[in-house]
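# Topology and contacts: notes
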Amino acid sequence: MHVHHLLNNNSIANKFIAQLRDVNVQQDRMRFRRNIERLGEILSYELSSKLQYTTKDISTPLGTSKIDIPANDIVICSILRAGVPLHNGILNYFDDAENSFISAYRHHPNDGEEFEIKVEYLASPSLNGKTLILADPMLATGRSFVNVMQALKQMGTPKEIHLVAVIGAEEGLKLLDDEFPQNTHLWIAAIDPKLDDRGYIVPGLGDASDLCFGSKKQH
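- Looking up the protein chain in an unreviewed UniProt entry gives the name Uracil phosphoribosyltransferase, with the organism given as Zunongwangia pacifica.
- Under the Sequence similarities (unreviewed entry) heading, UniProt states for the protein chain: "Belongs to the UPRTase family."
- Per its UniProt entry, the protein chain bears the Cofactor (unreviewed entry) comment "Mg(2+)".

Below is the structure:
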């Protein structure tokens, strides 16, 4: 798997990541969602460098200009709930892409620290021969990405896969490297060193879904 780590180079993305992490800022849900969306836009710009392009003639008021235009047939798939603002950021740049939505959540069967990833809802076009962009802000254990990809297999085989995340843990990256095809690209803003006993990224930022949309009843 090819890993593209945004924080390897300083940019305005640092500011958005800092605000997402900051306990004094992240309670502003609108700003939190917008910062995830902004990072989705930045990561999409970076991702676009690996797409295929075709040359087109564009008519201007004064003549003709040749320019290379992305040629990929893109499907953006986000993992609900926290994936929604990230999806919007990606869609802002790939505005003619098809869209797919899937649910994946942590189910604690014994109300303890152990959990399993449940996938219950899927709405998607065919993925055959297309470029799949699979988006989830938090890459913790990596099991959500893996389980979602398993569920998407019924929709066909994509030509290429790009994974997009805001913050991830080393453990999750290793699982994705083991489970996804070698030519998969991971576009990620920040990589943290570890997970806690509950499988949350440390230092991370907390529960991205709750910070985006409010708390939910556990089930």
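Here the narrative resumes, following the displayed structure.
### Focus: the overall build of the protein chain
- Secondary structure assignment for the protein chain yields six helices and 14 strands.
- For the protein chain, the C-alpha radius of gyration of 18 Å lies close to 17 Å, the compact-globule estimate for 219 residues.
- Look at the contacts in the protein chain between residues 6 or more apart in sequence, and 64% of them connect residues 24 or more apart.
- Looking at the protein chain as shown, the accessible area adds up to about 11,400 Å², and 47% of this sits on carbon and sulfur atoms.
- Looking at the protein chain, you have 22 positive and 28 negative side-chain charges, and the mean spots of the two groups are 3 Å apart.

### Notes on the nonpolar core
- Ranked by size, the top nonpolar core spans 36 residues in total, and within it Phe32, Leu39, Ile90, Phe94, Val164 and Leu205 carry the most contacts.
- By residue number, the principal contributor to this core is helix H2 (residues 29-47), which donates six residues.
- Leave out the neighbours within four places in its chain, and phenylalanine 32 touches Leu20, Gln26, Leu205, Ala208, Leu211 and Cys212.

### Details of the pairing of strand S4 (residues 74-80)
- Most of S4 is tucked away, with six of its seven residues classed as buried.
- Pairing analysis gives five bridges linking S4 to strand S9 (residues 131-135), with the strands arranged parallel. By the bridge assignment, isoleucine 74 is partnered in S9 with threonine 131.
- Two strands pair when backbone bridges link them, and S4 and strand S5 (residues 98-103) are joined in this way by six bridges, in the parallel orientation. Bridged to serine 78 within S5 is phenylalanine 101.
- For the segment spanning S4, helix H3 (residues 83-93) and S5, crossover handedness is right-handed.

### Section: the pattern of salt bridges
- Applying the stated criterion to the full structure yields eight salt bridges.
- A salt bridge links glutamate 41 to arginine 34, with the nearest nitrogen and oxygen atoms 3.7 Å apart.
- Residue glutamate 41 is classed as buried on the basis of its relative accessible area, which comes to 15%.
- Residue arginine 34 is classed as partly exposed on the basis of its relative accessible area, which comes to 34%.
- Aspartate 210 serves as the salt-bridge partner of arginine 81, at 2.8 Å between the closest nitrogen and oxygen.

### Details of the environment of leucine 91
- Among the secondary structure elements, leucine 91 is positioned in helix H3.
- Accessibility expressed as a relative area gives 24% for leucine 91, which makes it partly exposed.
- Sequence separation between leucine 91 and glycine 214 is 123 residues; the distance between their C-alpha atoms is 23 Å.

### Concerning H2
- Between the first and last C-alpha of H2 there are 27 Å, a value that for 19 residues agrees with the 27 Å anticipated at 1.5 Å per step.
- Those residues of H2 not exposed but buried are Phe32, Asn35, Ile36, Glu37, Leu39, Gly40, Glu41, Ile42, Leu43, Ser44 and Leu47.
- On the buried face of H2, the contacting elements are helix H1 (13-21), H3, S9, strand S11 (160-169), strand S12 (185-192) and helix H6 (208-213).

### Looking at helix H5 (residues 170-179)
- When we look at burial in H5, the residues that qualify are Gly172, Leu173 and Leu176. One side of H5 holds all its buried residues, which, seen down the axis, span an arc of 100°. Turned more than 90 degrees away from the buried face of H5, the exposed residues are Lys174 and Asp178.
- Packing partners of the buried residues in H5 comprise strand S1 (2-5), strand S10 (138-139), helix H4 (143-152), S11 and S12.

### Let's talk about the environment of threonine 131
- One can find threonine 131 in strand S9.
- For threonine 131 and threonine 157, which are 26 residues apart along the polypeptide, the C-alpha to C-alpha distance reads 9.6 Å.
- Setting aside its immediate chain neighbours within four residues, threonine 131 contacts Leu51, Asn72, Asp73, Ile74, Val75, Lys159, Glu160 and His162.
- Among the polar contacts made by the side chain of threonine 131, one reaches the side chain of asparagine 72 at a distance of 2.9 Å.

Criteria and thresholds
Residues numbered from 1 in each chain as written. Predicted model: local features only at pLDDT ≥ 70, side-chain atom pairs only at ≥ 80, totals over all residues. Heavy atoms only, no water. UniProt positions renumbered as here; feature names shortened; annotations may be inferred. Helix = DSSP H or I, 4+ residues; strand = E, 2+ residues; numbered from the N terminus. Rg over C-alpha atoms; globule rule 2.2 N^0.38 Å. Contact = heavy atoms within 4.5 Å. Areas by Shrake-Rupley, 256 points an atom, 1.4 Å probe, with all protein chains shown as cover. Lys, Arg positive; Asp, Glu negative; His and termini not counted. Charge placed at Lys NZ, Arg CZ, Asp CG, Glu CD. Core = buried A, V, L, I, M, F, W, Y, C linked by side-chain atoms within 4.5 Å. Buried < 20%, exposed > 50% of the residue type's maximum accessible area, 1.4 Å probe, protein only. Pairing = 2+ DSSP bridges. Right-handed = clockwise from strand over helix to strand, strands pointing away. Salt bridge = Lys/Arg side-chain N within 4 Å of Asp/Glu carboxyl O. Expected span 1.5 Å × (residues − 1). Arc of directions from axis to C-beta. Polar contact = N/O pair within 3.5 Å; in protein donor to acceptor, adjacent residues only side chain to side chain.

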